[in-house]
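# Commentary on secondary and tertiary structure
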Amino acid sequence: MSSRPRADRLLPRIARVLGHRLLCASYIFGFVLWICSFLLVLDLWGMFAVVVGLLMAGIGIVSVAILAALFHADWESLGGLAIMIGATFGVRFLSVWLASKADREREVYLA
């Protein structure tokens, strides 16, 4: 008898590990988004706007960066922020979906 794992049991394990890795990647994307937003607001509107953004529960800096890019017609920065927001939440939703799918398949195999 072979000690190799069966493919039908290996795939949920890979999906679960991949889901966890993608979740970590989404937090890195979110951190990069936050830092880029902080620097954009500091460059376009100064320290007062940064403080206002930070007082809005920390995440407000992204909203302030979007407003700053809009009011300064900095479409390249606005597009970059939109891509980073999409990447952050897209990868996060994909990771949750993969992990939940792997858990459902694991329950089927255990039953």
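Placed above this text is the structure.
Residues numbered from 1 in each chain as written. Predicted model: local features only at pLDDT ≥ 70, side-chain atom pairs only at ≥ 80, totals over all residues. Heavy atoms only, no water.

## Observations concerning helix H3 (residues 60–71)
What counts is decided by this rule: Secondary structure is summarised from DSSP: a helix means a run of H or I of at least four residues, a strand means a run of E of at least two, and numbering begins at the N terminus for each. To estimate the expected span of a helix, count its residues, drop one, and scale the result by 1.5 Å.
Counted at 1.5 Å a residue, the expected span for H3 with its twelve residues is 16 Å, and the 16 Å between its end C-alpha atoms agrees. The first or second residue beyond H3 is Ala73, which carries a positive phi of 55°.

## Considering the environment of Phe29
Our working rule: Two residues qualify as a contact provided that any one of their heavy atoms is within 4.5 Å of a heavy atom in the partner residue.
Tracing the chain through its elements places Phe29 in helix H1 (residues 7–44). Taking the C-alpha atoms as reference, Phe29 lies 5.3 Å from Thr88; in sequence the two are 59 residues apart. Apart from residues no more than four positions distant in its own chain, Phe29 is found in contact with Ala87, Thr88 and Val91.

## Structural notes on helix H2 (residues 47–55)
Quick note on the threshold: Accessible area is worked out with a 1.4 Å probe on protein chains only. A residue is then buried under 20% of its type maximum, exposed over 50%, and partly exposed in between. Read the arc as the range of directions from the helix axis to the C-beta atoms.
Three or more residues of H2 are buried, namely Ala49, Val50 and Gly53. Axial view of H2: buried residues confined to an arc of 105°, hence all on one face. Opposite the packed face of H2, turned more than 90 degrees from it, sit the exposed residues Met47, Phe48 and Leu55. Taken from the residues just after H2, Ala57 is the one with a positive phi, measuring 60°.

## A few points about the environment of Ile14
Tracing the sequence through the fold places Ile14 in helix H1. Along the sequence, Ile14 and Ala99 sit 85 residues apart, while their C-alpha atoms lie 9.6 Å from each other.

## Observations concerning a nonpolar patch on the surface
Convention followed: Each patch is built from residues that are more than 30% exposed by relative accessible area and take part in no salt bridge. Like charges join if they lie within 9 Å; nonpolar side chains (Val, Leu, Ile, Met, Phe, Trp, Tyr) join within 5 Å. For the area figures, the Shrake-Rupley method with a 1.4 Å probe applies, and any residue is considered shielded solely by the protein chains shown. Here a salt bridge means any side-chain nitrogen of Lys or Arg lying within 4 Å of a carboxyl oxygen belonging to Asp or Glu.
Together, Ile28, Phe29, Phe31, Val32, Ile35, Leu39, Leu42, Met47, Val51 and Leu55 make up a nonpolar patch on the protein surface, roughly 930 Å² of accessible area in all. For the nonpolar patch, the secondary structure elements donating two or more residues are H1 and H2. The biggest single contributor to the nonpolar patch is H1, with seven residues. Here Phe31 is to be found in helix H1. Residue class for Phe31 comes out exposed when judged on its relative accessible area of 54%.

## Considerations on the side chain of Ser95
With respect to the element layout, Ser95 can be found in helix H4 (residues 75–110). Residue classification places Ser95 among the buried residues on the basis of a relative accessible area of 2%. Those residues in contact with Ser95, other than ones at most four positions away along the chain, are Gly19, Leu22 and Leu23.

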